[in-house]
Structures are given as structure tokens and as C-alpha cells.
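# A look at the structure
This is what each chain is made of:
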Amino acid sequence: MTTVMNGISSDSQPASPSPDSKALTQWPGVISHYARYLPISEFTPIITLNEGNTPLIRADNFVEACGGEFELWLKYEGLNPTCSFKDRGMTLAVSKARERKAEIVICASTGNTSASAAAYAAKAKMKCIVLLPHGNIASGKLAQALMYGATTISINGNFDDALRIVRELGETGQVEVVNSVNPFRIEGQKTAAFEICDQLGRAPDFHFLPVGNAGNITAYWQGYKEYYSVRKADRLPRLFGFQAAGAAPIVEGHPIEKPETVASAIRIGNPASWQGANAALNESKGHIDKVSDSEILAAYKLIAKTEGIFVEPASAAPLAGLIRIAKAGMIPRGSVVTAIMTGHGLKDPDNAIKSAGFEPIIVAPIKEAVMKVIGL
Ligand code: F0G
């Protein structure tokens, strides 16, 4: 008998694995792969979209462009199922919510958390409510929440207002909050540090990342420390975090009432994991600084043009910081540096088209017209 799968017909005999299939074994997602480091049991239903196992891409062209003499590796978290790093924490938060028989998950978001929560809730057959700052969500992220079927509420206020309301709703016990105030989010996100060590065969010397609500910097530090303690990593990196200049509460040392930046993902004035960020920075002998919107946009364009890697503006913040620090000669020659590309560029097509600096050239539908434009 012949069956047809994915348009390819095959005999019903089990196929013997082809030599090519070896390298293409199915990745099970971060919970199954890193189960022994995560707070799960045999009773935890695993809600996964096979997140994680994102590429770590060497970026020599970018290093050359900023005049450095170090190894830069970009962890391309934009290649997760909902195109941001949030999926690592969300798989665990939603799995644990399901284990506790919760029916509704809720979050506040600048866009990526809501996209991820909505997708994993859909997979878990749970209801999802997302609260977004009205008018400040990149269009791709809004499209995701709507398409995954979340009840999408736009708050006439900013992310900090939305998170305050979500926390209040969480106290009623009727909804499960899946922002990074939920410890399972941090636990899941720490797997990115494990992956970096596993991919590099060591921990980096410096680790650069954007900082918004500060869950990710907290999670990475936890991950690196855990891997070091079980001798899966040979050292601890120094963590270098970057906030946008108009939304830099940790750098300024006080909450920012009206945060503003082109990098809408990190437009946050009062981070929930502020203490976690301080601990990570102090313990790792790290550094936190702010970068201007024009520095962010310059790095955003440079990484796309030099490396073919398209990220959203927030992910370019650590690259802007790296450019500045490399130019000041502060990265010792030969260092191994990682930077986290937290979200995909297609999340925010409006900023991309605005920033590109040129538009498509419209011509008549004839060969000669095209040749004229390209100078042939
Ligand atoms: N990069 C991107 C693309 C983000 O979406 C976020 C946070 C960050 C960096 C900062 O990470 O908050 O852990 O310090 N986005 C949240 C959201 C706030 O709602 O999607 P953080």
C-alpha cells in the first residue's frame, strides 16, 4: 500500500533513515532537552512549539566594521517559533499553568511576551488575555496576538501601567500571570545560557544583551551560574546590559515615568526584575549603560547590512553598546563575546522601512528600464 505524506508518496514499510537524516534529528524543545535543570515532574504536561536550539552565528564582518579584534557570536533568538526569546520561558510558564489546571493566562507586554503567551495558550487550549500599551506595539507583534486568538486589550497608558493591572488581576487568583514575575519564565529563559555554553564548548568572556523589564539578564545570569556550578561551563561571563536612553531606569537609578524610545520592546520605566539585574551586574562584574535611539538605529542597519541578520530595534541596543565599547578599546584582543538578538526584524516592518533610507525604484515593465537603474 502506498501512503501520501506531505505530498511525498512512500511505501508503508518503515523507511530506513537516510544518511542525511542523522544531522536532522527532531529537537524536542527546551523543557525536554534541559529537563534535569528545570522544575518539572512526570506530572507536568509539556506544552512546546519546539522552541530553542537557535543558531549561534559568528559575526566577523560586524567586528571588522567596528574595528575590534575579538570573536563575536550572535545568538539569533529571533528564530524561535514566535520569533523572540520569550518562547523559552513561555513553554515552561504555560506548561506549569496547565499542570495547576489554570484556565486563563494573562500578561502585560510591549509585544513579544504577548505573542508568545498567545501562541502557547493556543497550543495548550487555554484562554489568553494580553494587555498592551496602546499605539506602541510593533505591527508584527500585534498581528501575532490577534492571529493566535488572544483577547487583546489596548491600555491607554504604558507597559508599566499594564503590568500593574496584570499583577492586581493575578492577586484575584482567577488568572495565571505569565510575565517574568512568574519564576517559571526565568527558569525557562536560562536555557539560552546553557545552549550558548553547549554550542561554544565554553562560556563567553562577555555577554551583551538589551535590558527592558530585566527578566532576561536575570535568567542568563542564573543559567551561567548553574552551568558553571555543575562544571558544564569553564568560566562566568561578564554581563553587559544596554537600555535605551529614553527608557533607562536602571542606568539612571530611578523609575522613568514616561519612557520613550524607538525600540518599543524595551520602552519600560520600572522593570519588574530590577533587583535581579543588579545582582547579575554586580556578581558578574558587569556593566549597564544607555544608548541613544540614533545609535540603536545605526547598529540595527549595520548588523543587517554586514551580516545578513535582521533584528528588531531593541536587539540592536547591545550592538550599539558593543560598537561604543569596542571603539574605546575596552574588549581585550581575542575575547569571546556573545550578543543576544532577542527578536526578529520582521516583527517591526514599519521601523525597518523607515530606517532603510531608500525606497524601491519604480520603473516601466521592460528590460531597458531595469538596466538603466542598475547602470548596465
Ligand atoms: N528584546 C526584546 C525583543 C524584547 O521583546 C524584550 C522585552 C527585551 C529585549 C528585554 O528583555 O524585558 O527581559 O529585559 N520584551 C517584553 C515584552 C517586555 O513584553 O515583550 P527583558
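Residues numbered from 1 in each chain as written. Predicted model: local features only at pLDDT ≥ 70, side-chain atom pairs only at ≥ 80, totals over all residues. Heavy atoms only, no water.

Another point: the sheet that holds strand β12 (residues 336-341). What the 6 strands build is an open sheet, ordered β3-β4-β12-β9-β10-β11; its pairing is mixed. At either end of the open sheet lies a strand with only one pairing partner, and these are β3 (56-58) and β11 (287-291). Direction aside, the axes of adjacent strands within the sheet are offset by 25° on average. Pairing geometry for strand β9 (residues 206-210) and strand β10 (residues 238-244), over 5 bridges, is parallel. For His207, the partnering residue across the bridge sits in β10 and is Leu239. Each of β3, β4 (71-76), β9 and β12 is contacted by helix α8 (residues 191-200), which is oriented at about 135° to β4, the strand it contacts most. (Pairing = 2+ DSSP bridges. Helix = DSSP H or I, 4+ residues; strand = E, 2+ residues; numbered from the N terminus. Axes fitted to C-alpha atoms, helices over the stretch in contact; angles between N-to-C directions. Contact = heavy atoms within 4.5 Å.)

Our next topic: the packing of aromatic side chains. Scanning the model with the defined rule gives 9 aromatic pairs in all. Members of the aromatic cluster, connected to one another through ring pairs, are Tyr34, Tyr37, Phe194 and Tyr227. (Phe/Tyr/Trp six-rings, centres within 6.5 Å; stacked < 30°, edge-to-face > 60°.)

This part is about the sheet that holds strand β6 (residues 127-133). Across the sheet, which stays open at both edges, the 4 strands sit in the order β7-β6-β5-β8 with parallel pairing between neighbours. Pairing within the sheet leaves two strands with one partner each, and these edge strands are β7 (151-155) and β8 (176-177). Two elements, strand β5 (residues 104-108) and β6, share 5 bridges in a ladder whose sense is parallel. Looking at the pairing, Cys107 lines up with Val130 of β6. Its contacts with the sheet put helix α6 (residues 159-170) on β5, β6, β7 and β8, and the angle it makes with β5 is roughly 150°.

Turning our attention to the packing of helix α3 (residues 86-99) against helix α4 (residues 112-124). Taken N-terminus to C-terminus, the directions of α3 and α4 make an angle of 40°; their axes are 9 Å apart at the nearest point. In this view, α3 runs oblique relative to α4, as classed from their interaxial angle. Of the two elements, α3 crosses α4, and the hand of that crossing is right-handed. Residue-level contacts link Lys86, Asp87, Met90, Thr91, Val94 and Arg98 of α3 to Asn112, Thr113, Ser116, Ala117, Tyr120, Ala121 and Ala124 of α4. In terms of residue class, the contact of α3 with α4 is made up of 6 nonpolar, 4 polar and 3 charged. (Parallel < 35°, antiparallel > 145°, perpendicular 65-115°, else oblique. Left-handed = near helix turned anticlockwise from the far one by under 90°. Nonpolar A, V, L, I, M, F, W, Y, C, P; charged D, E, K, R; others polar.)

We now examine unusual backbone geometry. Its identity as a non-glycine residue notwithstanding, Asn50 has a phi of 60°, on the positive side. Its location among the elements puts Asn50 in the loop between α1 (30-33) and β3. With a relative accessible area of 32%, Asn50 lands in the partly exposed category. If you check the backbone angles, Asn53 has positive phi at about 55° while not being a glycine. Position of Asn53 relative to the elements: it lies in the loop between α1 and β3. For Asn53, a relative accessible area of 42% corresponds to the partly exposed category. (Buried < 20%, exposed > 50% of the residue type's maximum accessible area, 1.4 Å probe, protein only.)

Further remarks concern empty space enclosed by the protein. On inspection of all chains with the given rule, the structure shows 1 cavity of 30 Å³ or more. Space inside the largest cavity adds up to approximately 320 Å³. Along the wall of the largest cavity there are 28 residues; nearest its centre are Phe85, Lys86, Asn213, Ala265 and Ile266. Among the elements that take part in the lining of the largest cavity, helix α9 (residues 215-229) stands out by supplying 3 residues, more than any other. Considering only residue class, the lining of the largest cavity consists of 11 nonpolar, 14 polar and 3 charged. (1 Å grid on protein atoms, 1.4 Å probe; cavity = no way out; pocket = protein on both sides within 12 Å on 5 of 7 lines; lining within 4 Å. Points joined across faces, edges and corners; volume = space filled by probe spheres on them.)

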